[in-house]
Amino acid sequence: MLLIERYLLRQFVLSVAAVAAILLMVGLGGLLVDLMSDIARGQVPAALLLSQLGLRSLQVLPLLMPLALFVGLLLAVGHLYGDSEMAVLSSVGLGPQKLWRPLLLVTLPVAAIVALSSLWLAPAGARIARDMIETANRSFLVAGLEAGRFLELPGRAGILYVGELSSDGTRFRQMFVQSERDGRLDVITARDGEIFFDEETGRFLRLRDGFRVEGTPTTKDFRLMRFDQNEVRIPDREVEAEADEIEARRTNDLWMQTDAPARAELHWRIATPLLTLALGFLAMPLGRGEPRQARYGRILAALLIYINAMALLMLGKGWLATGTLPSWVGLWWLLLPMALLAGWLFRTDGRLRRPRPVAA
């Protein structure tokens, strides 16, 4: 590589890395808010906060990295024009088209990261996150219950207390459960018991040798029952949506499936790295500016281009999932025009004007 190419590569990398760090922090903040909301609704155990945050961050990489590349390159190229560095390079025959090597050395790794995340890491993270929550549903320890401490049930469905708890969190002694529904109070105590999981109906407590008191606190309408064994259902997290289940499927499995939602998800995973490549080559011609021109106005233009491209991709994914578009069309109706536009702008922007012949 030429010395100037190494300099430009360093500038491009630093700019893209800085923008990526900022976007990732903003994205993690949004994920944290959503995760805390899920924890408050009882969908996710509080003990899994950090692990779920890390796994869910893999799913936002295909969305944030293309924008980080696009904005970072626009700022770096705008800096070159603003400081008249590009004018100096053009004067020695290194126009924008001749700078394809440092641009490619930045764009290709970012596109590879997006492809790796979209095709493998994000689905694997979704599966691991789902399995961790399912495992947590089978143990009180992961759900945050400790012996001798009161715990609020998911969705504010009641209060739970145990005096002793086994090492694996599935068996207990001295159980106390209080719940309320439609104004009626239900209090259950038991000498011992265990938690078990049914694949169809969810989690249950199997209680032995206990009492149950049920009634309305404002009246004297109470019933007292004693039981040798009783099973109480524990409110579980909401049923996983079909879209979330498809996002967790392996890419190899999606290749073998012919239903519309699976094909739509496959086209989406392929489209994100290709969109990254197109945005990377669009950054060079769109970053052109005058020395005294405002540099940060390009960020707004980059956001608008990125938002519109992502909105059209999501719209196309929805059309594919519902069968409005045939699967063979995919998302190529957007990717191919963007790629052609990026190539044409990059090539025409890199042409240096030929000197005019001097009149005799």
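Model, not experiment: these values are computed from the prediction.

Thresholds, definitions, all that
- Residues numbered from 1 in each chain as written.
- Predicted model: local features only at pLDDT ≥ 70, side-chain atom pairs only at ≥ 80, totals over all residues.
- Heavy atoms only, no water.
- Helix = DSSP H or I, 4+ residues; strand = E, 2+ residues; numbered from the N terminus.
- Buried < 20%, exposed > 50% of the residue type's maximum accessible area, 1.4 Å probe, protein only.
- Contact = heavy atoms within 4.5 Å.
- Areas by Shrake-Rupley, 256 points an atom, 1.4 Å probe, with all protein chains shown as cover.
- pLDDT = per-residue confidence, 0-100.
- Core = buried A, V, L, I, M, F, W, Y, C linked by side-chain atoms within 4.5 Å.
- 1 Å grid on protein atoms, 1.4 Å probe; cavity = no way out; pocket = protein on both sides within 12 Å on 5 of 7 lines; lining within 4 Å.
- Points joined across faces, edges and corners; volume = space filled by probe spheres on them.
- Nonpolar A, V, L, I, M, F, W, Y, C, P; charged D, E, K, R; others polar.
- Pairing = 2+ DSSP bridges.
- Salt bridge = Lys/Arg side-chain N within 4 Å of Asp/Glu carboxyl O.
- Phe/Tyr/Trp six-rings, centres within 6.5 Å; stacked < 30°, edge-to-face > 60°.
- Expected span 1.5 Å × (residues − 1).
- Bend = angle between axes of the 7 residues up to and from the residue.

1. Structural notes on the overall build of the protein chain
A tally of helices and strands in the protein chain yields 9 helices and 6 strands. Across the 360 residues of the protein chain, 42% fall into the buried class. Partitioning the contacts of the protein chain with sequence separation of at least 6, the portion at a separation of at least 24 is 61%. Looking at the protein chain as shown, the accessible area adds up to about 19800 Å², and 61% of this sits on carbon and sulfur atoms.

2. Description of the confidence of the model for the protein chain
The predicted coordinates should not be examined in detail at positions where pLDDT is low. Of the residues in the protein chain, 79% reach a pLDDT of 70 or more, and the chain-wide mean stands at 80. Highest mean pLDDT in the protein chain belongs to helix α7 (residues 260–286) (89); lowest belongs to helix α3 (residues 85–91) (67).

3. Overview of the nonpolar core
Counting residues in each nonpolar core, the largest one holds 47 residues, and the members touching the most others are Phe-12, Leu-73, Leu-275, Leu-313 and Met-338. Looking at this core, the elements that each hand over two or more residues are α1 (3–40), α2 (49–82), α4 (100–136), α7, α8 (297–322) and α9 (332–349). For this core, the element with the highest residue contribution is α2, accounting for 13 residues. Among all residues touching Met-338, those that are not within four sequence positions of it are Leu-275, Ala-278, Leu-279, Leu-282 and Ala-309. Counting 12 residues, the second-largest nonpolar core is a separate cluster that includes Leu-160, Phe-172, Met-175 and Ile-195.

4. Observations regarding empty space enclosed by the protein
Tallied over the entire structure, the rule returns 1 cavity of 30 Å³ or more. Taken as a whole, the largest cavity spans an internal volume of roughly 30 Å³. Lining the largest cavity are His-267, Ile-270, Ala-271, Leu-331, Trp-332 and Leu-335. Looking at side-chain class alone, the lining of the largest cavity contains 5 nonpolar, 1 polar and no charged residues.

5. Some points on unusual backbone geometry
A positive phi angle is found at Gln-174, which is not glycine, with a value near 55 degrees. With respect to the element layout, Gln-174 can be found in strand β3 (residues 171–181). At Asp-209, a position not held by glycine, the phi torsion is positive, near 50 degrees. The residue Asp-209 is located in strand β5 (residues 202–215) in this model. Judged by relative accessible area, which is 31%, Asp-209 ranks as partly exposed.

6. Looking at the pairing of strand β2 (residues 158–165)
Across a regular strand the side chains alternate sides, sitting on one face of the sheet and then on the other. Direction of pairing for strand β1 (residues 151–152) relative to β2: antiparallel, over a ladder of 2 bridges. The residue bridging Leu-151 from the neighbouring strand is Leu-160, located in β2. Where β2 lies against β3, 7 bridges are found, and the strand directions are antiparallel. Following the sheet pairing, Glu-164 is matched in β3 by Arg-173.

7. Topic: the environment of Met-36
With respect to the helices, strands and loops of the structure, Met-36 is situated in helix α1. Taking C-alpha positions, Met-36 is 8.3 Å from Ala-46, a pair spaced 10 residues apart along the chain.

8. Comments concerning the pattern of salt bridges
With the rule as written, the count across this model stands at 13 salt bridges. Between Arg-208 and Glu-194 there is a salt bridge, with its nearest N and O atoms 3.4 Å apart. Here Arg-208, found in strand β5, pairs with Glu-194, found in strand β4 (residues 184–198); they are 14 residues apart in sequence, far enough to count as distant. On the accessibility criterion, Glu-194 (22% relative accessible area) is partly exposed. For Arg-226, the salt bridge is made with Asp-209, and the minimal N-O distance between the two is 3.6 Å. Here Asp-209 lies in strand β5 and Arg-226 lies in strand β6 (residues 222–234), a separation of 17 residues in the sequence. The exposure class assigned to Arg-226 is exposed, which follows from its relative accessible area of 60%. Taken together, the shared-partner salt bridges connect Glu-164, Arg-173, Arg-191, Asp-192, Glu-194, Arg-206, Arg-208, Asp-209, Arg-226 and Glu-231 into one network.

9. A closer look at the packing of aromatic side chains
What the rule picks out here adds up to 1 aromatic pair. Residues Trp-319 and Trp-333 carry aromatic rings whose centres are separated by 6.1 Å and whose planes lie at 35 degrees to one another, so their mutual orientation is tilted. Residue Trp-319 is located in helix α8, and its partner Trp-333 is located in helix α9; the two are separated by 14 residues in the primary sequence.

10. Topic: the environment of Arg-233
Mapping Arg-233 onto the fold places it in strand β6. Along the sequence, Arg-233 and Phe-204 sit 29 residues apart, while their C-alpha atoms lie 4.3 Å from each other.

11. Considerations on α7
Taking 1.5 Å per residue, 27 residues should reach 39 Å; α7 reaches 36 Å between its end C-alpha atoms and fits that length. Maximal helix bending in α7 amounts to about 25 degrees, located at Ala-271; proline Pro-273 follows within four positions. Of all the 27 residues making up α7, 20 are buried; the element is thus mostly covered by neighbouring parts of the structure.

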